[in-house]
Each structure stands twice: as structure tokens, then as C-alpha cells.
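Coordinate inspection notes
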Amino acid sequence: MSAQQAIGDGIRWLAEAQLDQGEIPSYVGSPRDDARSWEHDELNFITALAAEVLDPVDDPVAMRVVDRAVDFVRAQREPSARWRYWARSHDRVRFTPPD
């Protein structure tokens, strides 16, 4: 498999993993635990980081991932034009102040 094919496979995997609202899923758990026991951890940062990394990639699938991720991140913005660490759907959203 070439590097280009591997990159394309990774982009397609990410597009399939992306949630309906545009979030790129992230998980929290101990490396000692089976990954199936890890909890979904809705983080704005992970989605923003993925969009930032994929933005320069000239690939239509990557562009769709970025567009949906940007929509998600924009929807998470607080009225003060700041974001919180966790997404609004997370139980801990109010734990950290927006920055």
C-alpha cells in the first residue's frame, strides 16, 4: 500500500467515524483497559484540531469532513465568542470556563 492510499483510507475512516452533528469522536479510558470500555468524551478541541489538520488536504472527502467539523465547532461557540473544553452535550461542559 502506498502512502497516498493509506492517507486516503484514513480520511475515509475519519469521515465514517464523524458523528451526525459534525463532531470527531474522542474517547477517554486507561491504556490498560480494553478500548471497548472507553467512554465517549465530547471535546470541541479534537474536532477543531482535526479540521485544522485536514483543511489543506486536497481531497473531496476531507473537505466534507472539514465543513461538517467547522459547523459543529461554530455551533459550540459561546455568546462571548469563546469555546469551552467540552461540547455542550457533555455532562462536564460547565466544569471549565470558556476561553
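Thresholds applied
Residues numbered from 1 in each chain as written. Predicted model: local features only at pLDDT ≥ 70, side-chain atom pairs only at ≥ 80, totals over all residues. Heavy atoms only, no water. Axes fitted to C-alpha atoms, helices over the stretch in contact; angles between N-to-C directions. Helix = DSSP H or I, 4+ residues; strand = E, 2+ residues; numbered from the N terminus. Left-handed = near helix turned anticlockwise from the far one by under 90°. Contact = heavy atoms within 4.5 Å. Nonpolar A, V, L, I, M, F, W, Y, C, P; charged D, E, K, R; others polar. pLDDT = per-residue confidence, 0-100. Core = buried A, V, L, I, M, F, W, Y, C linked by side-chain atoms within 4.5 Å. Buried < 20%, exposed > 50% of the residue type's maximum accessible area, 1.4 Å probe, protein only. Phe/Tyr/Trp six-rings, centres within 6.5 Å; stacked < 30°, edge-to-face > 60°.

Taken N-terminus to C-terminus, the directions of helix α2 (residues 44–54) and helix α3 (residues 60–76) make an angle of 145°; their axes are 9 Å apart at the nearest point. Relative to α3, α2 is oriented so that their crossing is left-handed. Facing α2, whose interface residues are Asn44, Thr47, Ala48, Ala51 and Leu54, α3 presents Ala62, Val65, Val66, Ala69, Val70, Phe72, Val73 and Gln76. Partitioned by chemical class, the residues of the contact of α2 with α3 number 10 nonpolar, 3 polar and no charged.

Any region with low pLDDT has predicted coordinates that should not be read closely. When pLDDT is averaged across the chain, the result is 90; 100% of the residues are at 70 or more. The element-level mean pLDDT for the chain is lowest in strand β2 (residues 39–40), coming to 82, with α3 highest at 97.

A word on the nonpolar core. In terms of nonpolar packing, the biggest core is built from 11 residues, these being Ile11, Leu14, Ile24, Ala50, Ala51, Leu54, Val61, Ala62, Val65, Val66 and Ala69. Counting only elements with at least two residues in this core, the list comes to α1 (3–17), α2 and α3. Ranked by the residues each element gives to this core, the list is headed by α3, at 5 residues. If sequence neighbours within four positions are ignored, Ala69 has contacts with Gln18, Gly22, Thr47 and Ala51.

On to the packing of aromatic side chains, then. Counted by the stated rule, this structure contains 2 aromatic pairs. Taking 4.8 Å as the distance between ring centres and 85° as the angle between the ring planes, the aromatic pair formed by Tyr85 and Trp86 counts as edge-to-face. The exposure class assigned to Tyr85 is partly exposed, which follows from its relative accessible area of 41%. When the centroid spacing of 6.1 Å and the interplanar angle of 65° are considered together, the rings of Trp86 and Phe95 count as edge-to-face. Overall, the relative accessible area of 10% leaves Trp86 in the buried class.

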